[in-house]
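# Structure assessment
So the chains spell out like this:
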Amino acid sequence: MDFNTYIRDITDFPKEGIVFKDITPLLKDAKALKEVTNALFELIGNQRIDKVVGMESRGFFFAPLLASKLEAGFVPVRKAGKLPYKTISEVYTLEYGEDVLEMHEDAIAKGERILIHDDVLATGGTAKAVCKLVEKMGGEIVQCNFLIELGFLNGRGKLQGYEVKSLLQY
Ligand code: AMP
């Protein structure tokens, strides 16, 4: 199955100059959803995973599906102020200015093996901040896993030292 045909380019969204990768056509098709979840799962191989960490908001589509297949738990990373319990946070740089990501302070136990998942790897700033949160809690990052990698933005460069896997490259 060619998953590329289920990904829609939306130009100038959410702002001018960005070509947004809209994955909702992939999500709404029962067969494509099942097959793409299996393909993301295969990127992990036989590695044992204790928790899958997914970032708000589009990381939430596949991270729990992968966690379920891996028989692992799911941990959400959210923007500041969204999580109800005590959190740890990481400030990261955006194209203009800064933003904050948070995780519950009891989400990961020391030594747990972690898979990080997001839909798109762009500049890598978000994924790098999530790696820092996981490592602050003593988690061991097994793989950073993405549906789509925008190679021209070299997010991989920011994630040196980690195993980075993506299903579709642009
Ligand atoms: P990054 O620049 O790697 O920190 O990406 C920031 C976040 O925005 C990630 O969670 C991506 O899912 C999302 N993102 C960045 N660029 C795009 C794009 N062109 N299409 C869809 N999502 C994007």
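Everything below is about the structure printed above this text.
This text gives an overview of the structure that appears in the document. Quantities reported herein were computed from a predicted structural model and do not represent experimental measurements.

Next up on the list: the side chain of glutamine 143. For glutamine 143, the position within the fold is in strand S8 (residues 140–149). Classification of glutamine 143 as buried rests on a relative accessible area of 0%. Polar contacts involving the side chain of glutamine 143 include one to the side chain of glutamate 163, which spans 2.6 Å.

Quick look at unusual backbone geometry now. Backbone torsion omega between phenylalanine 13 and proline 14 reads -5°, so that peptide bond is classified as cis. Relative to the helices and strands, proline 14 is located in the loop between strand S1 (8–11) and strand S2 (19–22). A cis geometry characterises the amide bond from glutamate 56 onward to serine 57, with omega recorded as -10°. Following the sequence through the fold, serine 57 ends up in the loop between strand S3 (51–55) and helix H3 (59–70). The backbone phi angle of glutamate 71 is positive, close to 55°, even though this residue is not glycine. Looking at where glutamate 71 falls in the secondary structure, it is placed in the loop between H3 and strand S4 (73–79).

The full set close to the ligand counts 13 residues, and Asp118, Asp119, Thr123, Gly124 and Thr126 are the nearest of them. Within the side chain of arginine 58, one N or O atom sits 3.4 Å away from a nitrogen atom of the ligand. One nitrogen or oxygen atom from the side chain of aspartate 118 is found 2.6 Å from an oxygen atom belonging to the ligand. Elements with a minimum of two residues in the shell around the ligand: S2, strand S7 (113–121) and helix H4 (125–136). Partitioned by chemical class, the residues of the shell around the ligand number five nonpolar, four polar and four charged.

Parameters and conventions
- Residues numbered from 1 in each chain as written.
- Predicted model: local features only at pLDDT ≥ 70, side-chain atom pairs only at ≥ 80, totals over all residues.
- Heavy atoms only, no water.
- Helix = DSSP H or I, 4+ residues; strand = E, 2+ residues; numbered from the N terminus.
- Buried < 20%, exposed > 50% of the residue type's maximum accessible area, 1.4 Å probe, protein only.
- Polar contact = N/O pair within 3.5 Å; in protein donor to acceptor, adjacent residues only side chain to side chain.
- Near = heavy atom within 4 Å.
- Nonpolar A, V, L, I, M, F, W, Y, C, P; charged D, E, K, R; others polar.

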